[in-house]
Amino acid sequence: MPSLWEYANPQKFMRTSSVLLPVFSVAAAICLGVGLVWGFFLTPEAENFGSTVKIIYIHVPSAMMAINAWVMMLVTSLIWLVRRHHVSALAARAAAPIGMTMTLIALVTGAIWGEPMWGTYWVWDPRLTSFLILFLFYLGYIALWEAIENPDAAADLTSVLCIVGSVFAVLSRYAVNFWSQGLHQGASLSLDKKENVADVFYIPLLFCIAGFVCLFVALVLLRTRTEIRARRIRAMIARERMA
């Protein structure tokens, strides 16, 4: 059985990802198509919420992926710091813009949902504030990669930043549990059935979450492949200049 560390080899990763990329892309298209059509057009309006409840099919999956993208970056950053595998550092770099976009989508859709529910687009609620800070950490992470020319030094510093920012990723997920104040509702999905959304909204929401997960994986694979190719090109240019 092949070791997991074999996929840290760029050639092995490129071969494997070329097979997985179309699989996750098709799965994302199917799950998102089913989930969004079912959710937006085949579910009723919710009591006390009206049609605004249907924004959960974008808001909830994007918020989940915003947090999980940072967790993925944390894991790959730790692998880089411990094992010095370049593919892991490049995967973390590749995931950052995707996670930042997911965070922005969650903030915007949350504001759209919040205005009819709370009477305002924004409040300094614990979860909203921690999500905003997480978005700023994404921006800082991307900017730090771009600001440092040495790729290994950039990977080291961004890995440290990722570890620090993980505090706000945790707060973004559990802020409602840590602080009782705030307007943001509890989790839409829970092991406690009483806290879940109604069954009529539940199944299409699961399809949308699965679609966002597959979309995230496909985009990370695609961007990591691009980062590996860009690294090879920079190495070739450097060798030509030395010659």
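So, how was this worked out
Residues numbered from 1 in each chain as written. Predicted model: local features only at pLDDT ≥ 70, side-chain atom pairs only at ≥ 80, totals over all residues. Heavy atoms only, no water. UniProt positions renumbered as here; feature names shortened; annotations may be inferred. Helix = DSSP H or I, 4+ residues; strand = E, 2+ residues; numbered from the N terminus. Buried < 20%, exposed > 50% of the residue type's maximum accessible area, 1.4 Å probe, protein only. Contact = heavy atoms within 4.5 Å. Phe/Tyr/Trp six-rings, centres within 6.5 Å; stacked < 30°, edge-to-face > 60°. pLDDT = per-residue confidence, 0-100.

- In the nomenclature of an unreviewed UniProt entry, the protein chain is known as Heme exporter protein C of Rhodovulum viride.
- Database annotation for the protein chain, UniProt heading Function (unreviewed entry): "Required for the export of heme to the periplasm for the biogenesis of c-type cytochromes."
- For the protein chain, the Sequence similarities (unreviewed entry) comment in UniProt is given as "Belongs to the CcmC/CycZ/HelC family."

### A closer look at the side chain of S159
- Looking at the secondary structure, you find S159 in helix α5 (residues 151–178).
- On the accessibility criterion, S159 (2% relative accessible area) is buried.
- Setting aside chain neighbours within four positions, we find S159 in contact with S77, W80 and L81.

### A closer look at unusual backbone geometry
- Phi at R84 is positive, roughly 60 degrees, even though this residue is not glycine.
- Position of R84 relative to the elements: it lies in the loop between α2 (56–83) and α3 (86–118).
- With relative accessibility at 37%, the residue R84 sits in the partly exposed group.

### Description of the packing of aromatic side chains
- The tally for this structure, following the rule as stated, stands at five aromatic pairs.
- On the basis of an interplanar angle of 45 degrees and a centroid distance of 6.0 Å, the ring pair of W38 and F207 is categorised as tilted. Here F207 lies in helix α6 (residues 199–242) and W38 lies in helix α1 (residues 10–41), a separation of 169 residues in the sequence.
- For the pair W70 and Y138, a centre-to-centre distance of 4.9 Å together with 85 degrees between the ring planes defines the contact as edge-to-face. Taken together, the residues span a long stretch of sequence, with W70 in helix α2 and Y138 in helix α4 (residues 126–147) at a distance of 68 residues. Side by side, W70 and Y138 carry an identical accessibility label, which is buried.
- Pairwise contacts between aromatic rings join W70, F137, Y138 and Y141 into one cluster.

### Some remarks on the confidence of the model for the protein chain
- Averaged over every residue, the pLDDT of the protein chain is 85; residues scoring 70 or more account for 85%.
- The least confident element of the protein chain is α5, whose mean pLDDT is 81; the most confident is α1, at 95.

### Things to note about the UniProt feature "transmembrane region" (unreviewed entry) in the protein chain
- Listed under "transmembrane region" (unreviewed entry) in the UniProt record, and renumbered for this structure, are residues 20–43, 55–82, 94–113, 128–148, 160–180 and 200–222.
- Span residues 55–82 is 96% helix and 0% strand, its end C-alpha atoms 41 Å apart.
- Annotation note: span residues 128–148, helix share 95%, strand share 0%, distance between end C-alpha atoms 31 Å.

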